[in-house]
Amino acid sequence: MSDWNALSDEDFRKEVRAFFENEFPEEYKFLPRRMRWHECRDWYLKLSKKGWIAPNWPREHGGMGLTPAKLLIYYEETERAGVGRMPDQGLTMVGPTLIRFGNDAQRAYFLPKIIAGEAIWCQGYSEPNAGSDLASLRTEAVPDGDDYVINGSKIWTSMAHDATHIYVLARTDKAAKKKQEGISFFLVDMKTPGITLRTIRNIAGHEEFCQVFFDNVRTPKHNLVGELHKGWTIAKGLLGFERLNIGSPRRPLQAMEKLETLAQARGLMADPAFVERLTQLQLDLADLGSLYRRYVDKVRRGEALGPDVSMLKVWSMDTYQRLSELLIEAAGEYGAVEGEVAIGGENVDVLSPFYNSRPGTIYGGSNEIQRNILAKYVLNLPS
Amino acid sequence: MNEHGMDHGALLAQSVGDFVQHGADLPRVRALAQGRAEFDAAQWRQLAELGWLGVLVPESCGGLGLGLAEAAIVAEGLGRALTPEPYTAVAVLAARTLEGAAASPLREELLAGLAAGSRLPVLAWQEQPDDFGGLQLATTAMPFEGGFRVSGEKSFVVGAAAADGYVVSALAGGELQLLWIPRDAGGCSTAAQPLADGRSYGRLALRDVVVPREHLLASGAAARAALDRALDHAATVTAAELCGVMKRAHEMSLDYMKTRVQFGKPIGSFQALQHRAVDLHIQQELADAVLREVVAELDAGPDPAARARAASRAKSRCAEAALAITRAAIQFHGAIGFTEDCDVGLYAKRAMTLSAWLGNGRAHRARYARLSAPAAREAA
Ligand SMILES: Cc1cc2nc3c(=O)[nH]c(=O)nc-3n(C[C@H](O)[C@H](O)[C@H](O)COP(=O)(O)OP(=O)(O)OC[C@H]3O[C@@H](n4cnc5c(N)ncnc54)[C@H](O)[C@@H]3O)c2cc1C
């Protein structure tokens, strides 16, 4: 395998750009929603074969081991070419977690399956009555012989209907003094008897998530990650990765590309009031990049992400929403039109960034919760 | 790295911190409003002895020959302490301009003196507000056998209160010239325009000032290049100074929120204040992250267009963040924040003067937009 980090930034960018532009299927470019597995399977396998599926993983586990600067280039070019978002929980969440908290057997079994596209993961954290207050979750896992038996229900589980596996937080010790104690982290095969799904449509009408029901679902004991009752620590470690991932500039960048295209097409660059607001957002986005690289650097140096990474998520998603709102405003009457519209020779889907940017301030810990975390753990303000 | 695992940047930051000693300068800063001098010669000598005035001055001229990274660390530390002396105006703006001038005995003498603290040159390039590059230039330099006769007016000259002379921009036959004019040159008069934070802008009136040919520092494209680079570098180091101002001001707010009790609880326990403090902290960290990247980018010597964009990015973010943080600090402190005795007011006013100088947030956003326009991007 090549050492991508040895290439100059420009050469690396050229190579990535050419590949994404030429190889990513035309019909899925700039899809206004997440890709379903049947739509992106071929692309996933193509990337996998090329050794490009896990740009953020270390090379020893089949990743590209990119430096922060190169990783950012990779993501920028993904957005530029309009490469859709795949069911990527295995790549962004499970892989990094197993690398950090798993054991050798779990790494040896699951990591290659993720790289090969044989294991597609979803996240079973939230429950109907445990959202922001996740630690109040009630799904239970009870040991029985070589297995744990899981009962309960998870909700808002993204792409569960495409997943082969789910990682689950379940209560293993109801007598624990604090609600954060006595929670464990399990890996579960979705084909296990007792799992049923109900799909849920999102605000844009897409089947994006599910409620997952667990009725006496057995998962073998070796699928417990880390120590028993210590799942909260892992979940928190993973939240760091999730916040870094959500905090990446790549989704706001995509909205910015649309906004710039629309502004040119409509001649808005001659309107100083508009240019002032656009420039503010361009700077908000450029500066997000600076902050993002600071955290990616930390991860690359092997440092754990602390609670301060929350600020990246707050800023990234707030910026994304502001961008999506200016896009609608810039479209004038077209700002009410569903789907693609032809404006000044360009086809723009005005509303999809609006829809796509809404959940970013809700999931992964809502932005209000992130501000609570920052106030308490970073600014050390009293409660 | 030394044995404590600190790199030289951290060590430098520590020695700047030790030098300004927590809050020691504040009574001095407060006294400025009562008409005390904004320049303390003893303080300046110490800055020179520590080598900080010469951070950017080439070693051949007695300086340290380091980069903006180090200058930014010094400026951030001085910003935290609200040190009023014109560090950035002299040690960055004037030093970089002189560095970019053609080799001459005068250039070497001024640079060496600047680093040693014995000479205090400042740049007088601006005549109109919102003219960062000094392009609206009406000052003229009429050539004669022995040199030039310079006439015109300059505004917004930071450091003029203590300067012993000016690097003045002027047009001769449509060409930009940078000329050295000693403060006491015949026909040169300096008036002070008081600023919110007790410092002042100098306003220069130049009436037929005779400038000998040896005092010509640079002309034409070389003058333009030296000036533009110096301005971008000074705007960036001013952004660092603003970082110091905002960080200390926000610390003061957070300390107060932990101790001030209302409704039987510290006010910092109220979510409305917590979330506001967090949003400001995010602005502070964005400012810090941008500043570090821009400083590294500028030290790598990019092309002028990239340099200008980067500098504008740093100045606009740091200016706006410092204003937001220091203004909120007044609100977080309640009525006491509105008093003359409360230090947050000093920070708010310094944020105002540093934001306004060398282009405010809006001006740099507009400049960034101009430089980012498709035509400019292709040209770059
Ligand atoms: C598109 C999408 C995909 C998702 N995917 C997954 C997934 O794959 N797996 C999974 O496990 N979960 C997933 N989630 C769920 C997500 O993690 C939760 O929605 C989130 O934790 C918030 O919980 P909630 O929706 O119950 O809102 P609530 O917790 O009920 O919050 C409602 C409102 O109250 C505010 N609030 C709550 N507590 C406080 C407080 N203490 N201070 C201030 N404000 C507060 C919140 O910020 C929010 O605005 C997804 C959600 C969305 C929208």
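Residues numbered from 1 in each chain as written. Chains lettered and ligands numbered in written order. Predicted model: local features only at pLDDT ≥ 70, side-chain atom pairs only at ≥ 80, totals over all residues. Heavy atoms only, no water.

Quick look at the site of the ligand
Taken together, 18 residues are adjacent to the ligand, and Ser126(A), Ser132(A), Trp156(A), Ser366(A) and Glu368(A) come closest. Mapping the residues near the ligand onto chains gives chains A and B. Measuring from a nitrogen atom of the ligand, one finds a side-chain N or O atom of Ser158(A) at 2.8 Å. Alone, the ligand offers 970 Å² of accessible surface; in the complex the protein occludes 67% of this. Every element with two or more residues in the shell around the ligand is listed here: strand S3 (147-158), strand S7 (207-220) and helix H11 (367-378) of chain A. (Near = heavy atom within 4 Å. Polar contact = N/O pair within 3.5 Å; in protein donor to acceptor, adjacent residues only side chain to side chain. Areas by Shrake-Rupley, 256 points an atom, 1.4 Å probe, with all protein chains shown as cover. Helix = DSSP H or I, 4+ residues; strand = E, 2+ residues; numbered from the N terminus.)

Side note on the interface of chain A and chain B
With 30 residues of chain A at the contact, the number on the chain B side is 29 residues. Approximately 2,700 Å² of surface area, both sides summed, lies buried where chain A meets chain B, with 61% of it carried by carbon and sulfur atoms. Where chain A meets chain B, there are eight salt bridges. With a shortest N-O distance of 2.7 Å, Arg365(B) and Glu276(A) are connected by a salt bridge. Of all the secondary structure elements, the ones that give two or more residues to the side of chain A that touches chain B are helix H8 (272-300), helix H9 (310-330) and H11 of chain A. For the side of chain A that touches chain B, a count of residues per class yields 14 nonpolar, nine polar and seven charged. (Contact = heavy atoms within 4.5 Å. Buried area = accessible area lost by both parts, 1.4 Å probe. Salt bridge = Lys/Arg side-chain N within 4 Å of Asp/Glu carboxyl O. Nonpolar A, V, L, I, M, F, W, Y, C, P; charged D, E, K, R; others polar.)

Notes on the domain arrangement of chain B
Residues and elements named next belong to chain B. Here chain B is described as being made up of domain 1 (8-116), domain 2 (121-219) and domain 3 (223-379). Counting the surface lost from both domain 1 and domain 3, the interface buries some 2,500 Å², and carbon and sulfur atoms represent 61% of this. On the domain 1 side of the interface with domain 3, the three residues burying the most area are Arg30, Leu68 and Arg80, jointly 27% of the side's total. The tally of links from domain 1 across to domain 3 stands at five salt bridges. In this structure, the salt-bridge partner of Arg292 is Glu76, at a minimum N-O distance of 3.0 Å. Linking domain 1 with domain 3 are 13 residue pairs in polar contact (both at pLDDT 80 or more). Of all elements in the fold, only helix H2 (26-32), helix H4 (68-80) and helix H5 (87-100) reach the threshold of two or more residues within the side of domain 1 that touches domain 3. Considered class by class, the residues forming the side of domain 1 that touches domain 3 number 13 nonpolar, eight polar and five charged. (Domains from an automatic or database assignment.)

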